[in-house]
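Chain by chain, the residues:
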Amino acid sequence: EKPQPSLVWSDLDIAGSRDTAVVCKELFRGARESVLVSTFNLGHKAKDGEAKGNPVLRPLAMRMTEIHTLKVRIFVNLRRLDFMSQASEREVEDAFVGWFRREIWPWEAVPEVYYDPRSLLAINEESACLHAKCVVVDEARAFITSANLTEAAHDRNIEAGVLLEDAVFSRALQTQFESLINRGYVRRLTRGMC
């Protein structure tokens, strides 16, 4: 008998669903072999006196420290900000990596990070964005959600998602993302990521 999907919700829960922030922490803390994360927005800036690093991702970073063989892949939407309209792709990538390592992921163990290069097309061209928001852990558990990996999405916004304890579905979802890598549709950020 297959486990039933669990409704996952952020803020203003009326029906007694699972909490988005709790589900993400459980998934990250329970990972043994692999974690795949996709998000549109990672936005976080530490307040004065606050530790650097996106607090939503901190449990995943700690798990990578505990399990050195844990394979973590993060798919992000990398966009060309207005002030970088004339910048090269490499300059946009480097600016993102600097921000990512300074504000989002300052921890020692670093995940693989991928983005869709179509997102960096010139403003008047047909660009695309990576909008999928999901987590796959150990090819066995999948969480699909409207919530980005931000404090606002986990603590304040109204967001809906579903947690599936289904290895067949989880593997299928992971395979979709791995196919993006294998076919060269996404690019891995490497410079400055160590």
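Here goes a summary of the coordinates provided.

Parameters and conventions
- Residues numbered from 1 in each chain as written.
- Predicted model: local features only at pLDDT ≥ 70, side-chain atom pairs only at ≥ 80, totals over all residues.
- Heavy atoms only, no water.
- Pairing = 2+ DSSP bridges.
- Helix = DSSP H or I, 4+ residues; strand = E, 2+ residues; numbered from the N terminus.
- 1 Å grid on protein atoms, 1.4 Å probe; cavity = no way out; pocket = protein on both sides within 12 Å on 5 of 7 lines; lining within 4 Å.
- Points joined across faces, edges and corners; volume = space filled by probe spheres on them.
- Buried < 20%, exposed > 50% of the residue type's maximum accessible area, 1.4 Å probe, protein only.
- Lys, Arg positive; Asp, Glu negative; His and termini not counted.
- Salt bridge = Lys/Arg side-chain N within 4 Å of Asp/Glu carboxyl O.
- Polar contact = N/O pair within 3.5 Å; in protein donor to acceptor, adjacent residues only side chain to side chain.
- Contact = heavy atoms within 4.5 Å.

### Some remarks on the sheet that holds strand β4 (residues 71–76)
The 9 strands are arranged β2-β1-β8-β7-β6-β3-β4-β5-β9 in an open sheet whose pairing can be described as mixed. For this open sheet the edge positions go to β2 (18–19) and β9 (187–189), each flanked by a neighbour on one side alone. With 2 bridges connecting them, strand β1 (residues 6–10) and β2 associate as parallel partners. Bridge pairing in β2 places V8 opposite R18.

### Section: empty space enclosed by the protein
According to the stated counting rule, one finds 1 cavity of 30 Å³ or more in the structure shown. Contributions of two or more residues to the lining of the largest cavity are made by α1 (20–30), β6 (134–137) and β7 (141–145).

### Topic: the side chain of R80
Following the sequence through the fold, R80 ends up in the loop between β4 and α3 (89–104). Among buried charged residues, R80 stands out as having no salt bridge; its nearest opposite-charge side chain is E89, 5.4 Å away. A distance of 3.1 Å separates a polar atom in the side chain of R80 from the backbone oxygen of M84. Side-chain polar atoms of R80 contact the backbone oxygen of A87, separated by 2.5 Å. Apart from the residues within four sequence positions on either side, R80 is in contact with S85, A87, E89, V92, S119, L120 and L121.

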